Amino acid sequence: MMDAETATSPALLHQIEGPEDLRRLAPQDLAPLADELRDYLVRTVSRAGGHLAAGLGTVELTVALHYVFDTPRDALVWDVGHQCYPHKVLTGRRDQLATIRRRGGLSGFLRRDESPYDAFGAGHSSTSISAALGIAMANERQKNGRKSVAIIGDGGITAGLAYEALNHAGTLDADLLVVLNDNGMSISPNVGALSGYLRKLGRTRGRSSPLKRATTTGPGHFFEDLGFHYCGPVDGHDLPGLVRVMQQMRDLKGPRLLHVVTRKGRGYAPAEADPVKYHGVTPFDPEIGLVGSPAKGAPTYTQVFSDWLCDMGAKDERMVAITPAMREGSGLVRFSELYPDRYVDVGIAEQHSATLAAGLACQGQKPVVAIYSTFLQRAYDQVIHDIALQRLPVLFAIDRSGLVGPDGATHTGAFDLSYLRCLPEMVVMTPADGTELIAMLNTGYHHDGPAAVRYPRAALPAPLAERTPRLLPVGKSEVRRHGTNVVLLVFGTLLATALEVAKTLDATVVNMRFVKPLD
């Protein structure tokens, strides 16, 4: 962060109303601008909350991209969007940053209807190369001379969609630049063989030149073999060097890949030390950093799931817990520590997580796939074809169901009931409270077929009445109140509200429990 002397000097950042102002700066002004931008991010996000560590790591990269490319005429396609805060600041949204992830404010991700600089909307990962390739192909057809750039992280590039796009792009002569932002992280540290390959490249002394193709044994030969002109690894925090290399890569033809090594949380010591903790933050004092809450509130549905998973894992050695890169968010940290040989993080690979679970179930194992509702959408074909049609006993523990507030439309969990209820053989349950969540997880785990339990990102409405797992009769509801005038059929966490309303209406209240099969 800037010291007091720097903070009182003439501010470069407040002269930047858009990238055209940035491109008028002298090269020697770019590094001071990056310092101001990083300080502004820390001070603003610490007040407003939001995603922090990812954006801190891409400050120099963002400055270089907007300095080198003629945005918005040239398209920058950012993957996911966690790292997009510096981009928003430099593209006319600086003074709105404090409204991010709030009603009427800026989106926490990329939105085409928010700014012409947001070339492609994103919230889920690994879409950027496909979208940027489509833009590049359209540019070629229109003969407009525009550039197309995809910026994807080493976490996002682990997903199958990214390789489908690389596979296609490598056969074309499209004017496409892929910038691989390699920081060793998704939300959690990256996993898998590709992550290890990129770490090996990152330790390579020197780099492949933009002006010379890599050899079959040199750094980046994997990407060269796919048809890309590879350059890297490049220090993503060396702004003069980054600008120079990017200018050279910009002027080349055909598909190119620039491998940039950055550090998540760069420039703010607490975030560098713990980038997982500072991935997404609530308001905090930047001079102190994030501190633990002095008093614990009510347990969340995620915590109840986590406790059930560990308890069941202790009883049944066949249990295997699977997550697509969401260990912390899905409540799998303790299970991963207690049973590392039965914990599987597949990376950002939702499709693979579902079919992997199917294969495990074929051999008598008991897979539990812990996944956000919005990310399960990405594995829909696998849920249908590989699990439901084969009636395999896979349990989906679906977190973040329903409306998700600040994360916006790309992360809403409003579709799962509809897209799961139509599947053959699928049992779908939605608990009213923590005690019922335990019962439903236990019921789904012992069900001889596919089952899903979906629950919100929320605290329990009441303390747990009991922790002993019990089996529910599949497809059976329960009457919670007898009335005379009307019947309220309630699914999930609105039960407590319905019981209060029923007092006024003298209504019968039925806790439906099962979305499929219906009672």
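Residues numbered from 1 in each chain as written. Predicted model: local features only at pLDDT ≥ 70, side-chain atom pairs only at ≥ 80, totals over all residues. Heavy atoms only, no water.

Q: How do you make sense of the nonpolar core when you look at a structure like this?
A: When a protein is soluble and globular, its nonpolar side chains tend to lie buried together. Ranked by size, the top nonpolar core spans 55 residues in total, and within it Leu22, Leu65, Met246, Leu258 and Tyr278 carry the most contacts. If one sorts the elements of this core by residue count, helix H3 (residues 30-48) sits on top with 8 residues. When near neighbours in sequence (up to four residues on either side) are disregarded, leucine 258 contacts Leu177, Val178, Val179, Leu180, Cys231, Val234, Val245, Met246 and Met249. Counting 31 residues, the second-largest nonpolar core is a separate cluster that includes Leu309, Leu437, Tyr455 and Phe514. (Core = buried A, V, L, I, M, F, W, Y, C linked by side-chain atoms within 4.5 Å. Buried < 20%, exposed > 50% of the residue type's maximum accessible area, 1.4 Å probe, protein only. Helix = DSSP H or I, 4+ residues; strand = E, 2+ residues; numbered from the N terminus. Contact = heavy atoms within 4.5 Å.)

Q: Looking at this structure, I do not really get the sheet that holds strand S10 (residues 366-372). What am I missing?
A: To summarise the sheet geometry, strands pair through backbone hydrogen bonds and adopt either a parallel or an antiparallel arrangement. Read from one edge to the other, the open sheet built from 7 strands follows the order S9-S8-S10-S11-S13-S12-S17, with strand pairing classed as mixed. Each having just a single partner strand, strand S9 (343-345) and strand S17 (514-516) make up the two edges of the open sheet. On average, each strand axis in the sheet is inclined to that of its neighbour by 20°, with strand direction left out of account. Bridge count between strand S12 (residues 427-429) and S17: 2 bridges; the pairing is antiparallel. Counterpart to valine 428 in the pairing with S17 is lysine 516. (Pairing = 2+ DSSP bridges. Axes fitted to C-alpha atoms, helices over the stretch in contact; angles between N-to-C directions.)

Q: Can you walk me through the side chain of aspartate 416 in this structure?
A: Mapping aspartate 416 onto the fold places it in helix H18 (residues 416-421). Judged by its relative accessible area of 0%, aspartate 416 is buried. A distance of 2.8 Å separates a polar atom in the side chain of aspartate 416 from a polar atom in the side chain of arginine 454. (Polar contact = N/O pair within 3.5 Å; in protein donor to acceptor, adjacent residues only side chain to side chain.)

Q: How do you make sense of unusual backbone geometry when you look at a structure like this?
A: Phi is mostly negative for residues that are not glycine, and the peptide bonds are mostly trans. Cis geometry marks the peptide bond from threonine 71 to proline 72, where omega comes out at 5°. For proline 72, the position within the fold is in the loop between helix H5 (59-68) and strand S2 (75-78). In this structure, the amide linkage connecting glycine 232 to the following residue, proline 233, adopts the cis form with an omega of -5°. The topology assignment puts proline 233 in strand S5 (residues 229-235). Non-glycine residue lysine 143 carries a positive phi angle of around 50°.

Q: How should I be thinking about the pairing of strand S3 (residues 148-153) in this particular structure?
A: Remember that side chains alternate between the two faces of the sheet whenever the strand is regular. Where burial is concerned, most of S3 is hidden: 6 out of the 6 residues are buried. Here S3 shows two buried faces, one formed by Ser148, Ala150 and Ile152 and the other by Val149, Ile151 and Gly153. Looking at chain direction, S3 and strand S4 (residues 176-182) are connected through 6 bridges and run parallel. Paired with serine 148 across the two strands is leucine 176, which belongs to S4. Traced from S3 through helix H8 (residues 160-169) to S4, the parallel crossover comes out right-handed. (Right-handed = clockwise from strand over helix to strand, strands pointing away.)

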